[in-house]
Amino acid sequence: MYHHSLHILLCCTDTLLESSLRRATPHPGFTHVITAACGPFCSPAPAALPGLAEADIVLLDAENIAELPALRKAAKQEALFVLVGAGAQEPPAEVFPLLHDVWPAPASASLHDFRVARLLDTVRQRRDQELAILQFQTVINLTSDLVWVKDAKGAHIKVNEAFCRLVGKSRQQVEGRGHYFIWDLEPEEYAQGEFVCLETDQIVMTTREAGVFDEVVKAPQGMRQFKTRKTPLFNPDGSIMGTVGIAHDVTDIANMTAELDLVLQSIPYAVMILDADKKIVNFNERFKKLFGVGPTDYIVGETREVFRQRAIDRLGFSRSGRHVKMRSGLDGQEKYIDMYENDIFDIFDNVIGMICIYRDVTRQRLIEQRLKQRADTDDLTGLFNRHYFFKNIPATLAAGAGLAYIDLDNFKFVNDRFGHYEGDKALILTAQILRKQLRNAVIARLGGDEFAAFFPAECSDAFLRDSAEKLLAALLEAYGGHEAFAGISASIGLTLVEQPGLARDALVRRGDVAMYEAKRLGKRRYCVYSENLE
């Protein structure tokens, strides 16, 4: 990835060493530039030695060791000095800090090759390490999030520029220091652990696992809230070295969330917000009341399907399209809900979530049901009315359908003598008997004192006759228990669909014809339709 010209200054007369240097193969990314001092090193001004200022490696003859301090001072700080040809006499102790290595003499060509190879490996490793540090620092400085590395005691070993900008201190001031200094905490705050974030450091070091935390810090700009990710660092032996952390400033997002929550709570319907994975991220108080979410029920992060299944089990939640029927989690009463679901898109039209609105339409639905019931029901008797009867009976009928057309006898006498109040009571009593006796029929009050009972299927002549006989007996018994109804009876016309395709209106007309024949024959009886009656 990188290219480095490695400058080597040879300040000795060892020809074997020089040959070994020139033979050495450069590592990938390196080229060797070798400069040899001419003759024995005896310059009166060592700092002026050609190639010294650029040298990465200086190989110095032991006999010139007295010049080492001056050479070291004139060379680059990171230059490596090697003392070559040291004999039996050990160099003075004060020069050791200035040297990278000492190569005693004598040495063979193979030993020189070995030493040179190790020296070049050392240079390569140092360069790789410098590059890794440069890359790490460059990468962490690219992000606007705060990045840091701490030791196990909480001292900051590395930080990025975003960290320094937030705390208002340079990297040199921050690195090596702890929270107390970096965040300018008051002694009381530090003692109480406020705004210190050391507790979460301890959590990841104790669990030896990465973690995500919500943390609040006291910065020069004021209180800031962060979403922080931390992970432990390990030594080669597995012991804890320290921690690495990345913190994303969510203060503004948190403020926006508070505003969103305010809007959410003001919506007059139950609302739930899902993320792209259909997991719950937010909801309002009306949602909690509707679904019975208690203070100990933590549903954030739960998938909609899991929550819905629980609602099905606990509240009888059932859905048909956007219509929902369920029991209220607040009082257990049956509720009718209209549900609206809309995707939430980002600025690139990617679906990032969904908003679900549950609108309680119980009152409207009950009103609709009552209106529908009133439209189809006779107000006095509670039976179906003429409108419903003719709307719901098929226009053409299948074989096996049947009809009983019922008209009360002498009903006008009750109204005239006892008044309409008693007449109404007679009609209500009649409706009760019809419901009890003709359970499988569609029963309607067609008007006045006329009723009809339609049997959709599986009728026979015997069935209709038997039903009519039982009905007449029940009606006479019921009327007999009331003085005002003593003269009332019923005339019934029966008709059966023997061939498929008979029109509904024709069936009703035949029942009417048969009913009038029963009246002509003396009332209080039934008559079965036949063509002879036409």
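Provided above is the structure to which this section pertains.
The following paragraphs examine the structure supplied in this document.

Cut-off values and rules
- Residues numbered from 1 in each chain as written.
- Predicted model: local features only at pLDDT ≥ 70, side-chain atom pairs only at ≥ 80, totals over all residues.
- Heavy atoms only, no water.
- Helix = DSSP H or I, 4+ residues; strand = E, 2+ residues; numbered from the N terminus.
- Polar contact = N/O pair within 3.5 Å; in protein donor to acceptor, adjacent residues only side chain to side chain.
- Contact = heavy atoms within 4.5 Å.
- Pairing = 2+ DSSP bridges.
- Axes fitted to C-alpha atoms, helices over the stretch in contact; angles between N-to-C directions.
- Left-handed = near helix turned anticlockwise from the far one by under 90°.
- Nonpolar A, V, L, I, M, F, W, Y, C, P; charged D, E, K, R; others polar.

1. What to know about unusual backbone geometry
Across the junction of alanine 105 and proline 106, the peptide omega takes the value -5 degrees, indicating a cis bond. Inspection of the secondary structure puts proline 106 in the loop between β5 (101-104) and α3 (109-142). One non-glycine residue, arginine 208, adopts positive backbone phi at about 60 degrees. Phi at glutamate 458 takes a positive value of approximately 60 degrees, unusual for a residue other than glycine.

2. What about the side chain of lysine 230?
Assignment of secondary structure puts lysine 230 in strand β9 (residues 222-234). Of the polar contacts made by the side chain of lysine 230, one reaches the side chain of threonine 200; its length is 2.7 Å. There is a polar contact of 2.6 Å between the side chain of lysine 230 and the side chain of aspartate 201. Contacts of lysine 230, omitting those with residues within four sequence positions, involve Trp148, Cys197, Thr200, Asp201, Val204, Ala210, Gly211, Phe213, Glu215, Val244 and Gly245.

3. A look at the sheet that holds strand β15 (residues 334-345)
Taken in spatial order, the 6 strands line up as β12-β11-β16-β15-β14-β13 in an open sheet, and their pairing is antiparallel. Only two strands of the sheet have a single partner each, and these edge strands are β12 (280-283) and β13 (318-320). Taken over all neighbouring pairs, the strand axes of this sheet differ in orientation by 25 degrees on average, direction set aside. Of the strand pairs in this sheet, strand β11 (residues 270-275) and strand β16 (residues 351-360) are connected by 6 bridges, and their pairing is antiparallel. Across the sheet, alanine 270 pairs through a bridge with tyrosine 358, a residue of β16. Each of β14 (323-327), β15 and β16 touches helix α12 (residues 362-376); the most contacted strand, β15, lies at about 125 degrees to it.

4. Structural notes on the packing of helix α15 (residues 420-437) against helix α16 (residues 461-480)
Interaxial distance between α15 and α16 falls to 10 Å at its minimum, and their mutual angle equals 145 degrees. Every pair of crossing elements has a handedness; the one defined by α15 and α16 is right-handed. Residue-level contacts link Ala426, Leu429, Thr430, Ile433, Leu434 and Gln437 of α15 to Lys470, Leu471, Ala474, Leu475, Ala478 and Tyr479 of α16. Split by residue class, the contact of α15 with α16 holds 9 nonpolar, 2 polar and 1 charged.

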